[in-house]
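Architecture at a glance
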Amino acid sequence: MSGEQTMNWTCEQTEVRLGDYLDGLLQPSERAALDAHLAQHCERCAPLVDSVAQLVGNLHSMEELETPPRLVYAILDKTLGPRDTVVAAPGFFGWLRGIGMPRFAYGALSLSATFLMIASASGFSWRHPKLADLQPATIARNADRQAHLAFARSAKFVSDLRVVYEIQTRLRQDNNELPTSNEETVPATAPNPAPGRTDGSKPGSPNQQNRATTIDRNIQLLATTIASRAYLGGAPLFAGWGSGRKNP
Amino acid sequence: MEQDAQLVQQCLQGDGSAWEELVRRHTRRIFNICYRFTGNRTEAEDLSQEVFLRVYRTLASYRSAHGGFATWMTSVTRNLLIDHYRRTRRDRLTDSLDDAMPVVENKQSSARRPDELALLGELSSQIQAGLTKLSPELREAVILRDLQQLEYGEIQQVLSVPEGTVKSRINRGRIELARILQQMGVRPS
């Protein structure tokens, strides 16, 4: 068989209509003609149809490749922008950049000072810190106690100042009543009292003068001590006064 | 199809998750078209990204009345592949001189990555090599019909040519590929 023409079907027709033949798009009469042409063992068409038919079968059986693992994320990055996970590390540590700013340093310093003041006012012991001292109830209780103590010390200081002032006032009055100098109170010749004194006044003796001066000095010393102790929050002011004991 | 159109509408309203879903649904198909056309895995990945980027930018121009989203996306892919083919024509001219020498052909085959060979299989690898020797018009027709298994009407939409031209290209592409494989000494199973 030459293969040029078999039963009104040419080899050119085979080549042109082969796609329709393999896809089942030929009319029944055309298909029958082509089948008859192939049945004649056309040397040109039979190998062609066989090879193309096998090729199409192989193409249909070829499996799709799997998607590369990172392709979807690359596409999303390219279209929607970088994902959150990409910027997660800089985003998480981004707030650290503000630490270097002066505003943050001032704020941190103020906060620390406030915290120290509150802790000190609440009676927190820095030398022997306890976790229980940091409880809100303990802090409130200690702060209340410290406030009351401060108020009591202030009230007592004012009261003590008033007492001292009254004592000083009274002593000044007493001093005004006493002679102010030895020349006026002590005669020039002690063994011999001044004869011819006619005003009837009773001159003060040196012992009386010394005693008044000593009392005045003690009162001033006491006032100074009271003031300093009250200011420093020491022991009761008049605990040992009058019994001869010195204040510690 | 309807789900794709719905996802597109959500994308146009600014829903990023809808776009992500669209990407996941179509990435594999687009990557395969690109790979079958170029025969190079890296190029296929780059081209797939470009396809989705172009689709993302022109999503508002998609009209569901004119066809399915998959067909529209395949059309975008085809246009980009043809652009890529024209851009790289000079490189291929150099390659075609090398291809004339059988030693170089063997070298090219052995230069394929082992995972690709394992993945495709020997025959698939040879068919893929034959595909890249087809002209782009015939190649795209064979890929769309026999690998993506699109209907003639869909291929007509993608290629924007009459149905007769589609049938002719598919037929000539198959015959040409069979001859190329025969020249390569490949025996179809």
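Residues numbered from 1 in each chain as written. Chains lettered and ligands numbered in written order. Predicted model: local features only at pLDDT ≥ 70, side-chain atom pairs only at ≥ 80, totals over all residues.

1. Comments concerning the overall build of chain B
Per the secondary structure count, chain B includes 11 helices and zero strands. Order of helices (α) and strands (β) in chain B, N terminus to C terminus: α-α-α-α-α-α-α-α-α-α-α. Put simply, chain B has 189 residues, and 34% of those count as buried. The long-range fraction of contacts in chain B, counting pairs at least 24 apart against all pairs at least 6 apart in sequence, stands at 64%. (Helix = DSSP H or I, 4+ residues; strand = E, 2+ residues; numbered from the N terminus. Buried ≥ 20, exposed ≤ 12 C-beta atoms within 10 Å, placed from the backbone. Contact = placed C-beta atoms within 7 Å.)

2. With respect to the packing of helix α1 (residues 2–12) of chain B against helix α2 (residues 16–38) of chain B
Residues and elements named next belong to chain B. Interhelical geometry of α1 versus α2 gives an angle of 140° and a closest axis separation of 7 Å. Looking at the two axes, α1 sits oblique to α2. α1 and α2 meet at a crossing whose hand is left-handed. In this structure, α1 uses Asp4, Leu7, Gln10 and Cys11 to contact α2, whose residues at the interface are Ala18, Trp19, Glu21 and Leu22. Residues that form the contact of α1 with α2 fall into these classes: five nonpolar, one polar and two charged. (Axes fitted to C-alpha atoms, helices over the stretch in contact; angles between N-to-C directions. Parallel < 35°, antiparallel > 145°, perpendicular 65-115°, else oblique. Left-handed = near helix turned anticlockwise from the far one by under 90°. Nonpolar A, V, L, I, M, F, W, Y, C, P; charged D, E, K, R; others polar.)

3. Observations regarding the packing of helix α9 (residues 136–147) of chain B against helix α11 (residues 163–183) of chain B
All names here are of chain B. Packing of α9 against α11 brings their axes to within 8 Å, and their N-to-C directions diverge by 95°. On the basis of their axis angle, the class for α9 and α11 is roughly perpendicular. Residues Glu137, Leu138, Arg139, Ala141, Val142 and Arg145 of α9 pack against Val166, Arg169, Ile170, Arg172, Gly173, Arg174, Glu176 and Leu177 of α11. Residues of the contact of α9 with α11, tallied by class, amount to six nonpolar, one polar and seven charged.

4. Section: the confidence of the model for chain A
Taken as a whole, chain A shows an average pLDDT of 75; of its residues, 67% reach a score of 70 or greater. Note on residues 1–6 of chain A: pLDDT is under 50 here. Beyond four places in sequence and across chains, it has 16 contacts. (pLDDT = per-residue confidence, 0-100.)

5. A word on the interface of chain A and chain B
Taken together, the contact pairs 26 residues of chain A with 33 residues of chain B. Elements represented by at least two residues in the side of chain A that touches chain B include exactly α1 (11–22), α3 (45–61) and α4 (71–80) of chain A. For the side of chain A that touches chain B, the per-class residue count stands at 15 nonpolar, seven polar and four charged.

6. A closer look at the nonpolar core
In terms of nonpolar packing, the biggest core is built from 55 residues, with Val52 and Leu55 of chain A together with Cys34, Ala141, Val142, Ile155 and Leu177 of chain B touching the most fellow members. By residue number, the principal contributor to this core is α2 of chain B, which donates nine residues. Leaving out residues up to four positions away in the same chain, isoleucine 155 of chain B has contacts with Ala141, Leu144, Arg145, Leu150 and Val166 of chain B. (Core = buried A, V, L, I, M, F, W, Y, C linked by C-beta atoms within 7 Å.)

7. Some words on the environment of serine 64 of chain B
Residue position: serine 64 of chain B is located in the loop between α3 (41–57) and α4 (69–87). Put simply, serine 64 of chain B and alanine 5 of chain B are 59 residues apart on the chain and 6.5 Å apart in space, counted from C-alpha to C-alpha.

8. With respect to the confidence of the model for chain B
All names here are of chain B. Overall, the predicted model of chain B reaches an average pLDDT of 86, with 83% of residues at or above 70. Note on residues 100–110: pLDDT under 50 across the span, and four contacts to partners over four residues away in sequence or across chains. Both confidence scores are given for the complex: pTM 0.57, ipTM 0.82.

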